[in-house]
Amino acid sequence: MVKNNHQEDANSLRNHVKVSEITSHDRRSNLTPTKRTIATPSKFNSQIALSPSLLESRIASPRKHKLGISSPKKTPAKKRIAPSAAKPSLVDPDFNPLEETQRILRLRISQVNKPPVISGYEKERKQLYDLMKRTATTGESNSLLLIGPRGCGKSMLIQRVVEDLHSDVAVKENVQLVQLTGLLQTDDKLALREITRQLKLENTVGDRVFRSFAETLQFLIEALKKGDQASKPIVFILDEFDLFAQHKNQTLLYNLFDVSQSAQTPICVIGVTCRLDVVELLEKRVKSRFSHRQLYLFNKLTLSQYRDLCRSYLTLCSDFPDQDFADTWNKNIQCLLGEVSVKDILERQFSLTNDVRGLITLLTYPICQVNAAHPRVTAADVVTSFKLISTDTKSAMLHGVSTLELCLIIAMKHLTDIYDGEPFNFEMVYSEYQKFAQRRSGMQVYEKPVVMKAYEHLQTLELIKSHAGGGGAQVQKEYKLMSLLVHPSQILDAIQKYPGCPTEIKQWASQSIC
Ligand SMILES: Nc1ncnc2c1ncn2[C@@H]1O[C@H](COP(=O)(O)OP(=O)(O)OP(=O)(O)O)[C@@H](O)[C@H]1O
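Quick notes on the rules
- Residue indices begin from 1 for each chain and proceed along its sequence in written order.
- Side-chain atom pairs in this predicted model are given and counted only at pLDDT of 80 or more, local residue features only at pLDDT of at least 70, and totals for whole chains, interfaces and linings cover all residues.
- Pairing between strands is defined by DSSP: at least two bridges between the two strands are required.
- Runs of H or I in DSSP of at least four residues are treated as helices and runs of E of at least two as strands, each being numbered from the N terminus.
- Every axis in this analysis is a line fitted to C-alpha atoms, fitted for helices over the stretch in contact. Angles between the N-to-C directions lie between 0 and 180 degrees.
- What counts as a contact is two residues whose backbone-derived C-beta atoms lie within 7 Å of each other.
- Whether a residue is near a molecule or strand depends on its C-beta atom, generated from backbone atoms, being within 6 Å of that molecule or strand.
- Three classes are used: nonpolar for Ala, Val, Leu, Ile, Met, Phe, Trp, Tyr, Cys and Pro, charged for Asp, Glu, Lys and Arg, and polar for all others, with Gly counted as polar.
- These domain boundaries are the output of an automatic or database domain assignment.
- In this scheme the burial state of a residue depends on its C-beta neighbours within 10 Å: 20 or more other such atoms mean buried, 12 or fewer mean exposed, and anything in between means partly exposed; the C-beta positions come from the backbone.
- Should an angle fall under 35 degrees it is taken as roughly parallel, and over 145 as roughly antiparallel, whereas 65 to 115 is taken as roughly perpendicular and any remaining angle as oblique.
- Helices are assigned an expected span. That span is 1.5 Å times one less than the residue count.
- By definition, the arc is the one covered by directions from the helix axis to the C-beta atoms.

Colleague: In this structure, what is going on with the sheet that holds strand β4 (residues 176-181)? I would like to understand it.
Modeller: Strands in a sheet are paired, the pairing made by backbone hydrogen bonds, and the direction either parallel or antiparallel. An order of β4-β5-β6-β3-β7 is seen for the five strands of this open sheet, with the pairing classed as parallel. Of all strands in the sheet, those with a lone pairing partner are β4 and β7 (294-296), marking the two edges. On average, each strand axis in the sheet is inclined to that of its neighbour by 15°, with strand direction left out of account. Here strand β3 (residues 142-147) runs beside β7; their pairing, made up of three bridges, is parallel. What sits directly across from Leu-145, in β7, is Gln-294. Together, β3, β5 (234-239), β6 (267-273) and β7 form the strand contacts of helix α5 (residues 122-138), whose direction differs from that of β3 by roughly 155°. Against the sheet, helix α6 (residues 154-167) contacts β3, β4, β5 and β6, and its axis sits at roughly 155° relative to β6.

Right, here's the structure in full:
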């Protein structure tokens, strides 16, 4: 929800210059729409009518503008220019395109709900927009649940729709937005305090004492009445909606849905959750007041959409201040995404999960590597990043076990191969280990209790686990059925990297595995 400061500056400036009249509703003083007049461009400079973007670029780089408006103040050396705020011809000499690129890319991966482009969800976006707009413009009360798995883009979609609503001045002026999250507002008292804060009604409430939750909510809503006595619509967005259902008596939900059912105050309640059974969590009286409108989101990204998203995260926009730099950068990114290794990694990451969060995690390392000494993203960065995020913890754990434990793991694998995945017990593993150790004259053969200790350690490391139905506490530990939790490829991988692994063990492992 936090807007980019630069964009905000630019937007407020643009509004300042462009808009000669604005209408506003003063909600608390119950005023009818008023008119205000703001200076037109000609008041800034009578000779030249300035376009907003030109003016913005001047503000961003007052020392270098070419149209002769002098500024008494110097810009700080490190002042950055908002991407959309300047034209290439007016680039500040202090402007460092690489630093700006670094800033833009880092911002993209850190602003979770603001992807450069939204892939899909056009229909859902329109549906949500229409619903909220109807509340804002026609005063229609609504309630809806937005349901989808984690990371499918529910919050992103809501945020984009709210931005769309805010871009419509008539709607923006006419509606109040209240956003709550079940993770923070853990009870109804906290939720009410947050509602009061977001509606900026702390002073109106003052020291008043209310008898019930419903009375407080009604007072808050009444306080938002406009001059013409029509209530100002409120859109409530309840993130992690299922957690609100755990509040005592579900008072908040009951009251919100109750208001949304009554004809007097227009409110729109949107619950966001990843629980499919969320309606079942509602009490009967709450459920009966809910409209049962539900919108389901599923991540249906295809590989090509996934690649396009990756490109959009890495490329610079057409309004980047230094166009030559942006063109070169974008060409490099195009080449990078065409490289076989990068294509392969994107495919592998996609096959693991088509979640956009995974893509952002993959791009974080390469983006953070960009600096003056390393001025572009390389395929090697992407490869390293993939290695870092896909580190196999089980294999990593195998690198730390003792040679005896490694031998036992190989013996277990051998047994699993022989008995076609059937579970094994300690005696079987010990006998397999003994056969191997006795065959190799140079190998030290450990005593049975020592081997047992190593076996138990493997169980503690969760590399093996007792088999379900493999006997209870009455079965002797030597005969307890166990199964192996490591894949053959992980064993092979661990053996390749195991420091100073004896050749005999390597050979034994490859014999039993292949
Ligand atoms: N279709 C999409 N296009 C672009 N970006 C997407 C898309 N879907 C998800 N994302 C990105 O994935 C990330 C996770 O999305 P978001 O936080 O909205 O998920 P969520 O469904 O609200 O998850 P949670 O249930 O955990 O809150 C965000 O960075 C978002 O920008």
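Having put the structure on the table, let's press on.
Colleague: What is the right way to look at the site of the ligand in this model?
Modeller: If you check the shell around the ligand, you find 20 residues, and the closest are Gly-153, Lys-154, Ser-155, Met-156 and Val-356. Broken down by secondary-structure element, the contributors of at least two residues to the shell around the ligand are α6 and α17 (356-369). For the shell around the ligand, the per-class residue count stands at ten nonpolar, seven polar and three charged. Inspection of the shell around the ligand shows a minimum of three residues originating in each of domain 2 (122-296) and domain 3 (320-390).

Colleague: Help me understand the environment of Val-279, please; the structure alone is not making it clear to me.
Modeller: With respect to the secondary-structure elements, Val-279 resides in the loop between β6 and α13 (284-287). Residue classification places Val-279 among the partly exposed positions, given that 17 C-beta atoms sit within 10 Å. Taking the C-alpha atoms as reference points, Val-279 and Leu-145, 134 residues apart in sequence, are found 9.0 Å from one another.

Colleague: What am I meant to see in the packing of helix α20 (residues 403-418) against helix α22 (residues 448-460) here?
Modeller: A pair of packed helices is characterised by two quantities: the angle between their axes and the separation of those axes. Interhelical geometry of α20 versus α22 gives an angle of 75° and a closest axis separation of 9 Å. With respect to α22, the element α20 is oriented roughly perpendicular. In this structure, α20 contributes Leu-404, Glu-405, Leu-408 and Ile-409 to the contact, and α22 contributes Val-451, Ala-454, Tyr-455, His-457 and Leu-458. Split into classes, the residues belonging to the contact of α20 with α22 amount to seven nonpolar, one polar and one charged.

Colleague: What is the right way to read helix α21 (residues 426-439) from this model?
Modeller: Since the α-helix turns once every 3.6 residues, residues separated by three or four places project in the same direction. Taking 1.5 Å as the rise per residue, α21 with 14 residues should run 20 Å; its terminal C-alpha atoms sit 20 Å apart, in good agreement. Looking at α21, one finds that the buried residues are Phe-426, Met-428, Val-429, Glu-432, Tyr-433, Phe-436 and Ala-437. Down the axis of α21, the buried side of the element spans an arc of 165°, and every buried residue falls inside it. Among the exposed residues of α21, those oriented more than 90 degrees off its buried face are Glu-427, Ser-431, Lys-435, Gln-438 and Arg-439.

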